[in-house]
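So the chains spell out like this:
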Amino acid sequence: MARPEVLDRIKGAEREADEILAEAESDRDERIAEARRRADEIRAQAEAEADEHEAERLAEARAGIEEEREAILEAGEEERAALEAQAEDREEEVVEEVLDRFKEAVHAQT
């Protein structure tokens, strides 16, 4: 083979290699862009799911707190009613005790 033919073949191979390289780089760039786009979609979806899960857990916690609050209020109301009943039951006894002490105090002064 003559030198000009060899040089032409080398130049052709170099052009072909450059084209293959350019195509590979373009393909790589497209794949990277697609991967980034997909990663952004996955991240956005994960954030949305996390926000939804957080909202659900917060609602459940609030419901639990409200139930506990109601139970505490109910227990307090029952205790108040029991104390009132106990005080009413002892009212006459206390009045008599106070009157007895008053009478003793009056008699002691006379």
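Let me begin by describing the structure that accompanies this report. As the structure is a prediction and not an experimental result, all values here were calculated from the model.

### As for the overall build of the chain
Of the regular secondary structure elements, the chain holds one helix and zero strands. A compact globule built from 110 residues should have a C-alpha radius of gyration of about 13 Å, whereas the chain, at 46 Å, is more than 25% larger. Taken along its principal axes, the extent of the C-alpha atoms in the chain is 150 × 25 × 15 Å. Relative to its full complement of 110 residues, the chain shows a buried share of 0%. Split by element, the accessible area of the chain, about 10,400 Å² in all, is 53% carbon and sulfur.

### Focus: a negative patch on the surface
Residues E88, D89, E91, E92, E96, D100 and E104 make up a contiguous surface patch of negative charge. Looking at the secondary structure, you find D100 in helix α1 (residues 3-109).

### Brief notes about the pattern of salt bridges
Counted according to the given criterion, the structure contains 12 salt bridges. E93 is the partner of R90 in a salt bridge, and the nearest nitrogen-oxygen pair spans 3.7 Å. Of this pair, R90 and E93 both sit in helix α1, separated by three residues, roughly a single helical turn. According to the relative accessible area criterion, R90 is partly exposed, its value standing at 42%. The residue E97 makes a salt bridge to R101 at a minimum N-O spacing of 2.9 Å. Taken as a pair, E97 and R101 lie in helix α1 at a separation of four residues, close to a single helical turn. Judged by its relative accessible area of 39%, E97 falls in the partly exposed class. When its relative accessible area of 56% is taken as the criterion, R101 is described as exposed. Where salt bridges share partners, they join E34, R37, R38 and E41 into one cluster.

### Quick notes on a nonpolar patch on the surface
Taken together, the side chains of V6, L7 and I10 present a nonpolar region at the surface, about 240 Å² in accessible area. Tracing the sequence through the fold places I10 in helix α1.

Rules and cut-offs
- Residues numbered from 1 in each chain as written.
- Predicted model: local features only at pLDDT ≥ 70, side-chain atom pairs only at ≥ 80, totals over all residues.
- Heavy atoms only, no water.
- Helix = DSSP H or I, 4+ residues; strand = E, 2+ residues; numbered from the N terminus.
- Rg over C-alpha atoms; globule rule 2.2 N^0.38 Å.
- Buried < 20%, exposed > 50% of the residue type's maximum accessible area, 1.4 Å probe, protein only.
- Areas by Shrake-Rupley, 256 points an atom, 1.4 Å probe, with all protein chains shown as cover.
- Patch = residues over 30% accessible without salt bridge, like charges linked within 9 Å, V, L, I, M, F, W, Y side chains within 5 Å.
- Salt bridge = Lys/Arg side-chain N within 4 Å of Asp/Glu carboxyl O.
- Lys, Arg positive; Asp, Glu negative; His and termini not counted.
- Charge placed at Lys NZ, Arg CZ, Asp CG, Glu CD.

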